[in-house]
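Take a look at the letters that make up each chain.
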Amino acid sequence: MAEREVKDVAGVAESVCDPPGAAESQLSAEDDSSVRPAALYKQDLKSVLVTSVLNLEQLDADLYRGTHHWVPRTQRLFGGQIVGQALVAAAKSVSDNLYAHSLHCYFVRAGDPKVPVLYQVDRTRDGRSFTVRSVKAIQHGQPILICQASFQTVQPSPLQHQFTMPVVPQPEDLLTVEELIRLYLSKPDLAEKSRQGLNKLLASDVPIEIKPIQPPHFYRVVKAEPKTLFWVRARGYIGEGNMKLHCCVAAYVSDYAFLGTALLPYPNYRVQFSASLDHAMWFHTTFRSDEWMLYECESPWAGGCRGLVQGRLWRRDGVLAVSCSQEGVLRVKPVTESSKL
Ligand SMILES: CC(C)(COP(=O)(O)OP(=O)(O)OC[C@H]1O[C@@H](n2cnc3c(N)ncnc32)[C@H](O)[C@@H]1OP(=O)(O)O)[C@@H](O)C(=O)NCCC(=O)NCCSC(=O)CCCCC(=O)O
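Model, not experiment: these values are computed from the prediction. (Residues numbered from 1 in each chain as written. Predicted model: local features only at pLDDT ≥ 70, side-chain atom pairs only at ≥ 80, totals over all residues.)

### With respect to the overall build of the chain
Quick note on the threshold: For helices the rule is a DSSP run of H or I covering at least 4 residues; for strands it is a run of E covering at least 2, with both sets numbered from the N terminus onward. Neighbour density around each residue's C-beta defines its exposure: 20 or more other C-beta atoms within 10 Å make it buried, 12 or fewer make it exposed, and counts between make it partly exposed, where C-beta atoms are placed from the backbone. The contact criterion used here is simple: two residues whose C-beta atoms, placed from the backbone, lie within 7 Å are in contact.
Within the chain, the regular secondary structure consists of eight helices and 14 strands. Within the span of the chain, comprising 341 residues, buried residues form 34% of the whole. Considering only contacts within the chain whose residues lie at least 6 apart along the sequence, 76% involve residues at least 24 apart.

What follows is the structure in structure tokens.
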């Protein structure tokens with residue numbers, strides 16, 4: 001990978017510990033094109049991620065129940081949903097002056113979409129600056145995810161740097177995945193199998209909006225570098241203010257289309273089994289998960305039936321908001337001529 005430029009962002013970025021909203025207050029609606037006009041927000045529906053997916057029911061002290069919304073084609077629970085809900089459960093047990101700065105999770109069993117998930121929080125440690133929570137997500141009496149999340153008080157620091165955000169077209173100049181699929185569907189020479197697959201994709205109710213920088217080659221064999229760039233945001237309105245909630249939404253969003261980056265150099269292989277094994281995130285600063293963020297994903301390594309992916313979620317104003325890493329199982333088989341049809 002090419003060496004990345006390191007940019008001093010002192011005075012521009014804030015740390016995750018600066019009061020939420022501090023960065024936003026430096027930007028007016030006029031000079032920040034990432035701000036959607038208030039009138040538009042009013043027309044938007046409240047994000048289902050907030051009203052439903054991340055809205056856990058409390059059953060007892062430090063014990064919560066979560067329900068599902070979108071379930072991937074694999075019919076195992078979406079990893080991002082479990083991580084997002086685990087972070088919600090952890091955040092409920094820490095005081096308002098603490099902000100999530102990192103989490104580390106293992107997906108130890110496949111989640112069953114037919115039953116809810118229980119989240120059991122262990123208050124591992126409360127320190128002066130850092131507070132750690134361990135969360136177990138449970139189904140059928142067995143853990144499906146173990147998660148450790150760490151929270152920190154507000155602590156300004158003279159040490160501040162970040163890489164520079166890649167230069168890409170703005171979201172207003174790009175099409176959503178749904179718009180791209182409709183374009184493909186309008187092609188008269190599209191194979192029936194591909195048409196059916198694209199229609200299925202179109203019908204799925206993913207609560208995330210995506211605008212790829214490079215339109216994907218749906219159903220075409222094209223070898224590519226293991227790198228992707230796309231704008232992403234939660235569908236619907238969430239609003240300013242609750243930084244913990246935006247981190248939980250980012251946890252959900254960050255697992256979507258992430259592991260697939262490791263498959264880009266292998267168009268001649270078809271996935272037989274893929275699932276994320278672990279997921280880690282570091283929250284660097286304040287951000288709005290219902291506003292466009294650039295997700296820069298790359299896979300530095302694959303081997304041993306596993307792939308490693310790393311991602312950066314950039315705020316539209318160039319501030320690095322979140323870093324992510326994940327390893328997943330990737331079992332593949334060669335594409336045969338008949339399966340290409
Ligand atoms: C399956 C996990 C990863 C652990 O695997 P293992 O320790 O092998 O568990 P087993 O239960 O023994 O096997 C499971 C399954 O795999 C087959 N298997 C095992 N080893 C091999 C092998 N060497 N070669 C071939 N096949 C093998 C084994 O036979 C079993 O098959 P089955 O009998 O047909 O079931 C386990 O830890 C796990 O499932 N963890 C949870 C992972 C997970 O659910 N992650 C989150 C979901 S992934 C996700 O959300 C990404 C969605 C992205 C959406 C998008 O971007 O579109």
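### Topic: the packing of helix H4 (residues 79-91) against helix H7 (residues 243-254)
Rules: In this analysis an axis means a line fitted to C-alpha atoms, helices contributing only their contacting stretch, and an angle means the value between N-to-C directions, from 0 to 180 degrees. For classification purposes, angles smaller than 35 degrees are called roughly parallel, those larger than 145 roughly antiparallel, those between 65 and 115 roughly perpendicular, and all remaining angles oblique. Here is the rule for handedness: rotate from the far helix to the near one, and if that takes an anticlockwise turn smaller than a right angle the crossing is left-handed, while a clockwise turn gives right-handed. Following the grouping adopted for this structure description, the nonpolar residues are Ala, Val, Leu, Ile, Met, Phe, Trp, Tyr, Cys and Pro, the charged ones are Asp, Glu, Lys and Arg, and the polar ones are all others, Gly among them.
It is at 7 Å that the axes of H4 and H7 come closest, and there the two elements cross at 160 degrees. One finds that H4 runs roughly antiparallel with respect to H7. Note on packing geometry: the crossing formed by H4 with H7 is right-handed. Where H4 approaches H7, its residues Gly80, Gln81, Val83, Gly84, Leu87, Val88 and Ala91 are matched on the opposing element by Lys244, Cys247, Cys248, Val249, Ala251, Tyr252, Val253 and Ser254. When its residues are assigned to classes, the contact of H4 with H7 shows ten nonpolar, four polar and one charged.

### Considering the environment of Thr74
On the secondary structure map, Thr74 appears in the loop between strand E3 (63-66) and H4. With 201 residues separating them along the chain, Thr74 and Ala275 place their C-alpha atoms 9.2 Å apart.

### Brief notes about the packing of helix H5 (residues 177-185) against helix H6 (residues 192-203)
Running from N to C, H5 and H6 point in directions that differ by 155 degrees, and their axes come no closer than 10 Å. In this view, H5 runs roughly antiparallel relative to H6, as classed from their interaxial angle. Here H5 runs over H6; the crossing is left-handed. Of the residues in H6, those in contact with Glu178, Ile181, Tyr184 and Leu185 of H5 are Arg195, Leu198, Leu201 and Leu202.

### Description of the site of the ligand
The test is simple: Whether a residue is near a molecule or strand depends on its C-beta atom, placed from the backbone, lying within 6 Å of it.
Around the ligand, 19 residues are found, and the nearest of them are Gly79, Phe107, Ala110, Ala257 and Ala275. Breaking the shell around the ligand down by element, the ones donating at least two residues are strand E11 (269-283) and strand E14 (320-334). Among the elements that make up the shell around the ligand, the one with the highest residue count is E11 (three residues).

### Some remarks on H6
The line we're drawing: Here a helix's expected span is defined as the number of its residues, less one, multiplied by 1.5 Å.
The end-to-end C-alpha separation of H6 is 16 Å, in line with the 16 Å expected for twelve residues at 1.5 Å each. Of all twelve residues that make up H6, zero are buried, and the element is exposed over most of its length.

### Here we look at the sheet that holds strand E4 (residues 99-107)
Keep this limit in mind: At least two DSSP bridges between two strands are required for those strands to pair.
The strand order across the open sheet formed by twelve strands is E2-E3-E5-E6-E7-E4-E11-E14-E13-E12-E10-E9, and the pairing between neighbours is antiparallel. Sheet topology places strand E2 (57-60) and strand E9 (208-212) at the edges, where each strand pairs with a single neighbour. Strand-to-strand, the axes of this sheet are offset by a mean angle of 30 degrees, without reference to chain direction. Where strand E5 (residues 117-126) lies against strand E6 (residues 130-139), seven bridges are found, and the strand directions are antiparallel. Its bridge partner lying in E6, Asp126 is registered against Thr131.

### Re the confidence of the model for the chain
Threshold: On a range of 0 to 100, pLDDT expresses the predictor's confidence in each residue.
Here the chain averages 87 in pLDDT, and 85% of its residues register 70 or above. Scored below 50 in pLDDT, residues 1-39 shows 66 contacts in the model against residues more than four places distant or in partner chains.

### Looking at H4
Taking 1.5 Å of rise per residue, 13 residues should cover 18 Å, and H4 covers 18 Å from first to last C-alpha, within 8% of that figure. Among the 13 residues in H4, 13 count as buried, and that is most of the element.

### Brief notes about the pairing of E5
One ladder, built from four bridges, connects E3 with E5; its direction is antiparallel. When the sheet's bridge partners are listed, Tyr64 is paired in E5 with Tyr119. The loop that links E5 with its antiparallel partner E6 comprises three residues.

### Considering the environment of Pro267
Among the secondary structure elements, Pro267 is positioned in the loop between H7 and E11. Sequence-wise, Pro267 and Pro334 are 67 residues apart; in three dimensions their C-alpha atoms are separated by 9.0 Å. Discounting chain neighbours no more than four positions away, the residues touching Pro267 are Val221, Val222 and Lys223.

### A short note on unusual backbone geometry
Leaving glycine aside, a negative phi is the common case for residues, and trans is the common case for peptide bonds. Notably, His140 is not glycine yet its phi reads approximately 50 degrees, a positive angle. The topology assignment puts His140 in the loop between E6 and strand E7 (142-152). Even without glycine at this site, Ala257 takes up a positive phi of about 55 degrees. The residue Ala257 is located in the loop between H7 and E11 in this model.

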